[in-house]
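What follows is the residue order along each chain.
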Amino acid sequence: MDAHSAPPGQSSGIQRRHFLAASALPLLGCEKTNDIGGGFTGINFERGHLLRDRSSWPAPSVFYSTNVLIAGGGVAGLAAARALRLQGQHDFALLELEDSAGGNSRGGAVNGIACPLGAHYLPVPGDDAPEVQNLLEELGLRRRVAGRWQYDERHLCHSPQERLFFHGVWQDGLLPLQGVGADTLAQYQKFAVLVAQLRQQAKWTIPASNQPLAPVQRALAAITFVAYLDQNGLTDPQLRWYLDYCCRDDYGAGSATVSAWAGIHYFASRHGFHAPGRAAAERDSVLTWPEGNGWLTRQLAAPLEERLYSGRVVLRITHVKHGVEVDAFNTATHTVERWQARRAIVALPLLVAARVVQNAPDFLRQAAARTVYAPWLVANLHLHTPLHDRPGAAPSWDNVLYGAPGLGYVDAMHQSLQPVPGATVLTYYRALGDVPGGPHAGRQQLLDKPWAVWRDAILAELAVAHPDLPGKTSRLDLTRYGHA
C-alpha cells in the first residue's frame, strides 16, 4: 500500500516509513562519515540550566545602576532597546544569556561561509506591521520611489525560491503536484475555498492582532487543525502532508497538535491558499540573507555597544521602593551582579520570566502555564563542492523533501548569485514538538543524542534526494533549541 491509497489516519506514518526505508540506502558505498568534522554550537544550554538546577548563589559583589534595564537580548529585547533609542533615552543596559544578542535569530559561519543558526527569513511586512516597515526603512531596505514603496532587491529572496522533491524528481513549489490525481486536485480546490471564506469572515494579520478573536476564530482555536480537516472531509494524503509540513515549519509541531486557528492563520494572514487552476497566486515575498535573520539582529545590536552585557543569567527581578532590583550571574567572573533601575523591560521567554519575576502577576503565571515551546534542531552542512542535482526544478533557496522527518534545507549561497556553483552551506531544520511524549521528550532527545547520531540521520535523510551529499560534506555543526 502506498501513500496515495492509504487511509487518512495512516497516510502520514506510511509516508514517513517509506521515506525512512529509502533513506537507509544511499549511504552504502559512500566515504566514511567519520571523516566529517563538527559538533554542537550556537547555544550554551548549560547556562540556561543553571537557573533550573542551582539552588543557591553567592551574595552580590558588583553593583550597577541604570535608568532602564532590559532582561533578554533576543528580538524582543533588541526591539525594546531600539525603541528607547528612538525616544532619545540612552541610559539603559541589556542583559543577555549568550555571548551575543539575537536569540533564535543569530547567524554564524562554517568554514568561512555565513549561515543561519535559527530563523532565516522575514516576510515582507504589510500595513498591519508598521513598526517592522519603519525598521526596514531605517536599515535602508525599504524606500519610497515615485510615490510607491520599494524593497532593495539584493535582500529579497532570489528566484527560484522553493522546490519539493516528490516522486523522485524536483518540482517547483512545495504543494505536491507531480503525478497527483483529480481527487487530490479537487481537495486542493476545496481547501482553497474554505480559506477564502474564512478570510471574509474575520481579519487575519501578521502579527496577530491584540484584538479579541472573532467568533469563528474562537471556534477554530478550540479544536486541532486535524479535527477541522476531518470535519470538512479533507482526507487527501498529499494535502494532509503539505498542511502538516506548514504547521511544523511555522510552529514546530504538526497539524494534530496545533489549533485549527493556527493552521488557517498560516494561509489567511498571507495570500490565502492557491490551488492549481485558480487565479495565479501572488508569491509571498521574503527578505533573506546568507546568515538568515542574524543580519537583522546584528544591525539591531550594533548601536548598543557597551550597553550590552552578555553572558549574564538573570536570577531575580523584584520591585523595590524606588524602582526595580535585578540580580544576574556573570558566567565569565562567576560573580553575582546587582542592578538598580527605575524600570525593567522583561524580554525573557515566559517560562523564565515567571520563574525570575518575584511575586509574578497572575497574567504572567497563567501565560507561562499555557504556552508550549517546541524544541528545534538546526544543522549547518558545509559542502566543499556542488551537488549533482536530480531532474526537475532548478536548485532553489528553500528545498524540501516530501515525507521526510525534517523540514528540508536552505542554501546559504543562494543569495550570492555566483555564476559558477562552488562550496556552500546547507542549513537543515527539524522540529521536535511532535515526538512521542511531547515537547519534553523532544528536548530530552536534543540533550541525550550524540552529535554523530544526528549527523548520520541527517545525512541519510538528505541523501535520498542527493546521493552524493555525504561524500561532499566536510563539516556539520548542530544548534539545539529546547524552547524555541
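In the block above lies the structure referred to throughout.
Residues numbered from 1 in each chain as written. Predicted model: local features only at pLDDT ≥ 70, side-chain atom pairs only at ≥ 80, totals over all residues. Heavy atoms only, no water.

Trainee: Got a minute to help me understand the sheet that holds strand E20 (residues 473-481) in this structure?
Mentor: Strand pairing in a sheet takes place through backbone hydrogen bonds and is either antiparallel or parallel in direction. Strand order in the open sheet made by the eight strands is E1-E20-E16-E19-E18-E17-E9-E10, with mixed pairing throughout. Two strands bound the open sheet, and with one partner strand each, they are strand E1 (37-40) and strand E10 (169-172). Across this sheet, the average inter-strand angle for adjacent strands is 20°, counted without regard to direction. Across four bridges, the pairing between strand E9 (residues 162-166) and E10 is antiparallel. (Pairing = 2+ DSSP bridges. Helix = DSSP H or I, 4+ residues; strand = E, 2+ residues; numbered from the N terminus. Axes fitted to C-alpha atoms, helices over the stretch in contact; angles between N-to-C directions.)

Trainee: How should the pattern of salt bridges be read in this particular structure?
Mentor: In a structure, side chains of opposite charge can pair up when their charged atoms sit close to one another. Applying the stated criterion to the full structure yields 21 salt bridges. Through salt bridges with shared partners, a single ionic network connects Arg-316, Glu-325, Asp-327 and Arg-338. (Salt bridge = Lys/Arg side-chain N within 4 Å of Asp/Glu carboxyl O.)

Trainee: Which parts of the structure should I look at to understand the pairing of strand E8 (residues 148-151)?
Mentor: Look at any regular strand and the pattern is simple: side chains alternate between the two faces of the sheet. Here four bridges tie strand E7 (residues 142-145) to E8, and the two strands are oriented antiparallel to one another. Across the sheet, Arg-144 pairs through a bridge with Trp-149, a residue of E8. Hairpin connection from E7 to E8: two residues lie between these consecutive antiparallel strands, with Ala-146 at a positive phi of about 55°.

Trainee: Would you mind showing me how to read the sheet that holds strand E14 (residues 323-330) here?
Mentor: On the basis of which strands lie adjacent, the open sheet formed by six strands has the order E12-E3-E2-E15-E14-E13 and mixed pairing. The two strands at the open ends of the sheet, each matched to only one other strand, are strand E12 (308-309) and strand E13 (312-320). As judged from the nine bridges shared by strand E2 (residues 62-71) and strand E15 (residues 335-346), these two strands associate in the parallel manner. When the bridges of E15 are listed, Ile-70 appears paired with Ile-345. Most of the contacts of helix H2 (residues 45-53) go to E13, to which it runs at about 45°, and overall it touches E13 and E14. Contacting E2, strand E3 (92-95) and E15, helix H3 (residues 75-86) runs over the sheet at an angle of about 175° to E3. (Contact = heavy atoms within 4.5 Å.)

Trainee: Mind showing me how you'd approach the packing of aromatic side chains here?
Mentor: Aromatic rings in a pair are described by how distant their centres are and how their planes are angled relative to each other. Going through the model one piece at a time under the given rule, you end up with 20 aromatic pairs. The interplanar angle of 55° and the centroid separation of 6.4 Å between the aromatic rings of Phe-191 and Phe-225 together place this pair among those described as tilted. Placement of Phe-191 in helix H5 (residues 182-201) and of Phe-225 in helix H7 (residues 225-231) is noted, with a sequence separation of 34 residues between them. Per residue, the accessibility class of Phe-191 equals that of Phe-225, and both read buried. Arranged with centres 4.9 Å apart and planes meeting at 80°, the rings of Phe-191 and Phe-273 form a pair that is edge-to-face. Placement of the pair is Phe-191 in helix H5 and Phe-273 in the loop between helix H9 (260-268) and strand E11 (286-287), with a sequence separation of 82 residues. Its relative accessible area of 0% is what places Phe-191 among the buried residues. One aromatic cluster is present, built from ring pairs that chain together Tyr-188, Phe-191, Phe-225, Tyr-228, Tyr-242, Tyr-266, Phe-267 and Phe-273. The ring of Trp-149 carries the charged tip of Arg-142 above its face, separated from the ring centre by 3.7 Å. In this structure, Arg-270 packs its charged tip against the face of Tyr-266, placed 4.5 Å from the ring centre. (Phe/Tyr/Trp six-rings, centres within 6.5 Å; stacked < 30°, edge-to-face > 60°. Buried < 20%, exposed > 50% of the residue type's maximum accessible area, 1.4 Å probe, protein only. Lys NZ or Arg CZ within 6 Å of the ring centre and 35° of its normal.)

Trainee: For this particular structure, what's the right way to read helix H10 (residues 294-301)?
Mentor: Note on helix geometry: an α-helix contains 3.6 residues per turn, so any two residues three or four positions apart are oriented the same way. Here H10 lies mainly inside the structure; six of its eight residues are buried. Among all positions of H10, only Gly-294, Trp-295, Leu-296, Thr-297, Leu-300 and Ala-301 are buried. The elements touched by buried residues of H10 are H3, strand E4 (107-110), strand E6 (122-123) and helix H4 (130-138).

Trainee: Mind showing me how you'd approach the pairing of E3 here?
Mentor: With burial as the criterion, each face of E3 is covered, one bearing Phe-92 and Leu-94 and the other bearing Ala-93 and Leu-95. In this sheet, E3 lies alongside E2 in parallel orientation, the contact comprising four bridges. From the neighbouring strand, Ala-71 faces E3, where its bridge partner is Leu-95.

Trainee: Would you mind going over the packing of H5 against helix H8 (residues 237-251) with me for this structure?
Mentor: For any two helices packed against each other, the geometry comes down to the angle between their axes and how far apart the axes lie. It is the contact of H5 with H8, at a shortest axis distance of 8 Å, that shows an interaxial angle of 45°. With respect to their mutual orientation, H5 and H8 come out oblique. Of the residues in H8, those in contact with Thr-184, Gln-187, Tyr-188 and Phe-191 of H5 are Gln-238, Leu-239 and Leu-243. Here the residues of the contact of H5 with H8 are counted per class, giving four nonpolar, three polar and no charged. (Parallel < 35°, antiparallel > 145°, perpendicular 65-115°, else oblique. Nonpolar A, V, L, I, M, F, W, Y, C, P; charged D, E, K, R; others polar.)

Trainee: Would you take a moment to explain the state of the cysteines for this structure?
Mentor: By definition, a disulfide links two cysteine residues through a covalent bond between their sulfur atoms. Counted under the stated rule, the structure contains zero disulfides. For the unlinked cysteine Cys-157, the closest cysteine sulfur is that of Cys-246, found at 16 Å. With no disulfide partner, Cys-246 has as its closest neighbouring cysteine sulfur the one in Cys-247, 7.0 Å distant. Its relative accessible area of 1% is what places Cys-246 among the buried residues. (Disulfide = S-S within 2.5 Å.)

Trainee: I keep staring at unusual backbone geometry and nothing clicks. Help me out?
Mentor: Keep in mind that most residues, glycine aside, have a negative phi and that most peptide bonds are trans. Ser-159 connects to Pro-160 through a cis peptide bond whose omega is 0°. Omega for the peptide link from Ile-206 to Pro-207 comes to 0°, which places this bond in the cis form. Of note in the backbone geometry, His-334 takes a positive phi value of approximately 55° without being a glycine. A relative accessible area of 55% places His-334 in the exposed class.

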